[in-house]
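A structural walkthrough
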Amino acid sequence: MFHLLDIIGTIAFAMSGALTAMSKKMDGFGIFIIAFVTAVGGGTLRDVMIGTTPVGWMLDLEYVYAICIASFLAVLFRKKFDKLRTSLLLFDTIGLGVFTLVGLEKGINVGLHPFVCIALGTMTACFGGVIRDMLCAEIPVIFRKEIYATICIVGGVVFFILKKFNLEDSFLYITTSLVIIFFRLMAVRFKWYLPTFENK
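Description of the structure in this document. (Residues numbered from 1 in each chain as written. Predicted model: local features only at pLDDT ≥ 70, side-chain atom pairs only at ≥ 80, totals over all residues. Heavy atoms only, no water.)

1. Concerning the nonpolar core
As a reminder, the rule being used: In this text, buried Ala, Val, Leu, Ile, Met, Phe, Trp, Tyr and Cys residues form a nonpolar core when linked through side-chain atoms within 4.5 Å. Throughout, exposure labels follow a simple rule: accessible area from a 1.4 Å probe, protein chains only, divided by the maximum for the residue type, with under 20% read as buried, over 50% as exposed, and the rest as partly exposed. Numbering of helices and strands starts at the N terminus; helices are DSSP runs of H or I of at least 4 residues and strands are runs of E of at least 2. In what follows, a contact means two residues having at least one pair of non-hydrogen atoms within 4.5 Å.
Core analysis: the biggest nonpolar cluster contains 45 residues, and Ile-67, Leu-96, Cys-126, Tyr-148 and Phe-159 have the highest contact counts within it. When contributions to this core are tallied by element, the ones reaching two or more residues are helix H1 (2–23), helix H2 (28–49), helix H4 (62–76), helix H5 (84–109), helix H6 (114–135), helix H7 (149–163) and helix H8 (169–189). A total of 8 residues in this core trace back to one element, the largest contributor, which is H1. If sequence neighbours within four positions are ignored, Tyr-148 has contacts with Phe-13, Asp-92, Leu-96, Ala-125, Cys-126, Val-141, Ile-142 and Arg-184.

Set out below in structure tokens:
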């Protein structure tokens, strides 16, 4: 289940990256690169920080194959994604929910404190998108007023609360991911924003 969710998150973020690249009118190579860094950027940073090297995607080519397939499908069916912004939001949200969970589990597996695990989960989910947005010359979503990283933190807290009830791992994984996806979609639907500040 955990490995399946990891692959789903990789595909979702790769699709998100590919759609962003196409919105910037990049060529095929550019689309693949943006899809790749979006999918593995956060996980690579996480693995380096916890000393897991070589990083995950270098040891398991399933991730590379998944990114290649996702990029190809995004280009092939680009006309089907007529509402590009909606499609981008959907794939980005799925990746957010799944990769938060992946980061949490990685932290638990190396015996880190729950606070640190939540930070790793947030980093895994968000920093691929940060790299994507920077390469596409946009202010990363995480630094704007949209509720993004905050939802990952909430999801991490929910995860550790549910874990105290000794629930089955499959139920725990799916519930945590769905909580993050639900609140992200609700935040966009009802325009929930964090306050912004400026120095006048």
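2. Describing the layout of surface pockets
To be explicit about the condition: A 1.4 Å probe that fits but cannot get out identifies a cavity on a 1 Å grid over protein atoms alone, an open set with protein on both sides within 12 Å along at least five of seven lines counts as a pocket, and a residue lines either if it has an atom within 4 Å of a point. Grid points are joined across faces, edges and corners, and a volume is the space filled by probe spheres set on the points. Three residue categories are used. Nonpolar comprises Ala, Val, Leu, Ile, Met, Phe, Trp, Tyr, Cys and Pro, charged comprises Asp, Glu, Lys and Arg, and polar comprises the others, including Gly.
In this structure, the second largest pocket encloses a volume near 240 Å³. Contributing to the lining of the second largest pocket are 19 residues, with Asp-6, Arg-46, Gly-56, Trp-57 and Tyr-63 lying nearest its centre. Mapped by element, the contributors of at least two residues to the lining of the second largest pocket are H1, H2, helix H3 (56–59) and H5. For the lining of the second largest pocket, the leading source of residues is H2, giving 6 residues. Of the residues assigned to the lining of the second largest pocket, the class counts are 8 nonpolar, 7 polar and 4 charged.

3. Details of the packing of H2 against H4
Stated precisely, the cut-off is as follows: Here an angle of 0 to 180 degrees is reported between the N-to-C directions of two axes, which are lines fitted to C-alpha atoms, with helices fitted over the stretch in contact. For classification, angles of less than 35 degrees are called roughly parallel, those exceeding 145 degrees roughly antiparallel, those between 65 and 115 degrees roughly perpendicular, and all remaining angles oblique. It is the rotation of the near helix from the far one that decides the hand of a crossing: anticlockwise by less than a right angle makes it left-handed, clockwise makes it right-handed.
Packing of H2 against H4 leaves a shortest axis separation of 10 Å and a crossing angle of 130°. Taken together, the axes of H2 and H4 lie oblique to each other. Handedness of the H2/H4 crossing: right-handed. Residues Ile-31, Phe-32, Ala-35, Phe-36, Ala-39 and Val-40 of H2 form the contact with H4, whose own contacting residues are Val-64, Ile-67, Cys-68, Ser-71 and Val-75. Per-class residue counts for the contact of H2 with H4 are 10 nonpolar, 1 polar and no charged.

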